[in-house]
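# Observations on chain architecture
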Amino acid sequence: METRRFVLDAAAALAAILLQVPLDPLLAHAQAPPPALTGQVTSAEEGPMEGVVISAREDGSTVSISVVTNAQGRFAFPAERLESGHYTLKARAAGYELDGAKGAAVASGQETKVEIKLRKVKNLSAHLTNAEWLTSMPGTDEQKRFLLNCTGCHTLERIMKSTHDADGLLEVIQRMSLYYPGSTPLKPQRLAGTATRDVERGGNGRKTAEWLASINLSQEATWTFPLKTEPRLTGKSTHVIITEYDLPNPLIQPHDVMLDREGSVWYSDFGQMFLGKMDPKTGKVTQYPIPVVKPGSPEGTLDLEFDKDDNPWVGVMYQSAIAKFDKKTQKFQMWKTPQEWDTDGGQLGHLAIEGTNIDNKVWIKNSDVGNIYRLDLITNKMENLGNFKDPRTGKRIGTYGIHSDAQNNAYLLDFSAGNIVKIDARTRNATVYRTPTPDSRPRRGRVDHEGRLWFGEYQGNAIGMFDPRTERMTEWKVPTPWSAPYDAVLDRNGAAWTGSMLTDRVARLDIKSGQYTEYMLPRPTNIRRVYVDDSKNPGALWIGSNHGASIVKVEPLD
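Residues numbered from 1 in each chain as written. Predicted model: local features only at pLDDT ≥ 70, side-chain atom pairs only at ≥ 80, totals over all residues. Heavy atoms only, no water.

Inspection of the secondary structure assignment puts Arg92 in strand β6 (residues 85-92). Between the alpha carbons of Arg92 and Leu521 there is a distance of 8.5 Å; along the sequence they are 429 residues apart. Look past the residues within four positions of Arg92 in its chain and what remains in contact with it is Gly51, Val52, Val53, Thr129, Asp504, Met520, Leu521, Pro522, Arg523 and Pro524. At 2.6 Å, the side chain of Arg92 and the side chain of Asp504 are in polar contact. (Helix = DSSP H or I, 4+ residues; strand = E, 2+ residues; numbered from the N terminus. Contact = heavy atoms within 4.5 Å. Polar contact = N/O pair within 3.5 Å; in protein donor to acceptor, adjacent residues only side chain to side chain.)

This part is about the packing of helix α6 (residues 166-176) against helix α7 (residues 205-215). Contact pair α6 / α7: the axes reach a minimum separation of 8 Å and the direction vectors enclose 125°. For the element pair α6 / α7, the angle class is oblique. Taken as a pair, α6 and α7 cross one another with a handedness that is right-handed. Listed contacts from α7 to Ala166, Asp167, Leu169, Leu170 and Ile173 of α6 are Gly205, Arg206, Thr208, Ala209, Glu210, Leu212 and Ala213. (Axes fitted to C-alpha atoms, helices over the stretch in contact; angles between N-to-C directions. Parallel < 35°, antiparallel > 145°, perpendicular 65-115°, else oblique. Left-handed = near helix turned anticlockwise from the far one by under 90°.)

Here we have four strands laid out as an open sheet, ordered β31-β32-β33-β34, and antiparallel in their pairing. Where the open sheet ends on each side, the last strands, each with one partner, are β31 (489-490) and β34 (515-520). In this structure, strand β32 (residues 495-499) lies alongside strand β33 (residues 505-510), joined through five bridges in antiparallel fashion. Among the inter-strand pairings, Thr498 is bridged to a residue of β33, identified as Ala507. (Pairing = 2+ DSSP bridges.)

Further remarks concern the packing of aromatic side chains. Enumeration according to the criterion identifies 18 aromatic pairs in this entry. Summarising the aromatic geometry, the rings of Tyr288 and Phe325 are spaced 4.6 Å apart at their centres and angled 40° between planes, so their arrangement reads as tilted. Of this pair, Tyr288 sits in strand β14 (residues 285-289) while Phe325 sits in strand β17 (residues 321-326), and the two are 37 residues apart along the sequence. Phe325 shares its class with Tyr288; the two are buried. For the ring pair Phe325 and Phe332, a centre distance of 4.8 Å and an interplane angle of 45° mean the geometry is tilted. Per residue, the accessibility class of Phe325 equals that of Phe332, and both read buried. Positioned above the aromatic ring of Tyr179 is the side chain of Arg190, whose terminal nitrogen or guanidinium carbon lies 5.1 Å from the ring centre. Here the basic side chain of Arg441 rests over the ring of Phe415, its NZ or CZ set 4.1 Å away from the ring centre. (Phe/Tyr/Trp six-rings, centres within 6.5 Å; stacked < 30°, edge-to-face > 60°. Buried < 20%, exposed > 50% of the residue type's maximum accessible area, 1.4 Å probe, protein only. Lys NZ or Arg CZ within 6 Å of the ring centre and 35° of its normal.)

The next thing to look at is the sheet that holds β6. Reading across from one edge, β8-β6-β3-β4-β10-β37-β36-β35 is the order of the eight strands in this open sheet, with antiparallel pairing throughout. Single-partner strands in this sheet number two, and they are β8 (102-106) and β35 (530-533). With strand direction ignored, the average angle separating the axes of adjacent strands in the sheet is 25°. With four bridges connecting them, strand β4 (residues 63-68) and strand β10 (residues 240-246) associate as antiparallel partners. Among the inter-strand pairings, Ser66 is bridged to a residue of β10, identified as Ile242.

Any functional reading would require information beyond the geometric quantities listed.
As C-alpha cells, this is what we get:
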C-alpha cells in the first residue's frame, strides 16, 4: 500500500487534470509531473466556454496536439505531449475566433499558464461546416440529400456562395459528371474517353438547379435565411486528445488510413499514384510510387487492406487494377481488368481479402455497371460474376463497399438504395437484405470477429449492423443531423466508430447502452475510412483528412 501511495502512474494523474476530477486520495502525495500548458478560454458573450478545441503546434513542426475545454472553460496539455519550445495556439468554437494571435513558451518540468479570449466572428459563413449549411438552408430533406453527392470533392460553401442561375447550375451539374471522384479544386481530373458519373443519382437536375439558384447568391447580395451552427460538444465529448500530422504535399489525399502490426501508419492516396507510410513517432512520411498501367486514365487509389502476411493492398480506381505491395521487396504486384472486359469507366476501387486464405480468392468490385470479380491467386485469373439485382424492385445493386468474412463470403453494400447483399463463397448465390431505414445508402464497413457486418448508412445517418446468424439488422442513429456516416468499425472493447464528411466530428457508439460520444476535430476534416487501434481501452481512432492533407489520431480519455 505504501508503494501505491507514493508511486503514481503519471497517466492517471494527467487524466485527472484533463478530466477535472479528483485524484484517488491514496495518490494525493504522488509526485506527478505538472501539465505542460494550461489555461482558460472565455468570451465576452459567454464567459468561460466549454467544448472549445485548443490546438498547440511547435514552431517548425508538422504535428499539432489538441485538447478540449471543460465546463469551466479550462484545458490542460499533458507534459509528455509538448516538448520544450514555442507553440502557436489556435481555437475552434462555432461562431468564435481568437481575439488576436496567441502563443506560448513551454519549458520542461514547468507549467505554462495562458488565458485565451475569443470574439464573435464577423463572417460566420466562412466557419460553417457542410452539415451546418444543410441545417441552415431552406428546402426539404429530399432536396438537400442531393448535396450529399457533392461533398466528396468540395465544400457546400462553394455552392452557396456561387452566383449561377438555374441554367448555369445545370451546366455545372452536367460538367461534374465528367470528373474523377478524387478531384479537388487543387487538382481536378477529367475522366477518359466516354466515361461519365451519375452525379444526380436518380434526382432531377433541372429541379435541383432551380432550387439551388433560389438559395445561393444569384439573386441577393447575401442569404435571406439565418446561418445556424451546431451547439458545442460538452461533457464526455471534451475528454479527448487529438494529434494531427501534416503530410508533406497539399495534393496528398489520405483516403484510407490503417496501421500494420508494427504500428506504422499507411494510407491510400485518392488523387495520386502513391501508397504512403508514416512513422507516428516522428511524423516522417515515405511514399511508394504505384505503376501507371492505364495511361491517360485518372490516377489515384481508394480501398486499403492488409493481408494475413501484413502486406498492404489497394484498389487503383480508374487504372482498372488492384495492387499488392510486398513490404520485404518493396515492389508492387498488379492485377488488371482483362482487356476484353475493360471500358473507359472501369474502376476497381474496392476489394476484400479477409477470407482469402480460405480459398485464395480476392473479391473485387468494378464500379462500371457494378460487376463483381473474383481473382484466383493460384491462376492469376479473374472470374466475372456479373452484377446483382434487388428481387423486389428489379433494380441493379449499386455496390460501393465490398467486404468479406472469415469464410470468404462477400457482402455488397448497396449505395444506390438500402440493401446488404451476401454472396455465398461456395455456391455464388446472393441473398438481399433490407436496412430498416429505406434508401439508407450503406457505404462501407467491416466484418467483426463474430462474423457481424458493421457499416455506415450515408443517407440514413446511422451505424448499421447485420448479424448473419439471425439475419437481422440493427441501426443506431448518429445524434448530429447530416452526419452522413461513410464507414463504421467495431473495436474489441464494444464500441463502434464512424466519421463524417460533413460535421468535422467523429462518433463512438457504446453498443450496450446505445449512447454516442462525439468528438469535434480541430479543423475542417473530410473523413472517409475509420480505423481503430484497440490495443488499449479505450481505443484510438485513426482517420485521414482527405481534403486537408493530414492524418488524425483521436484518443478518448475514458
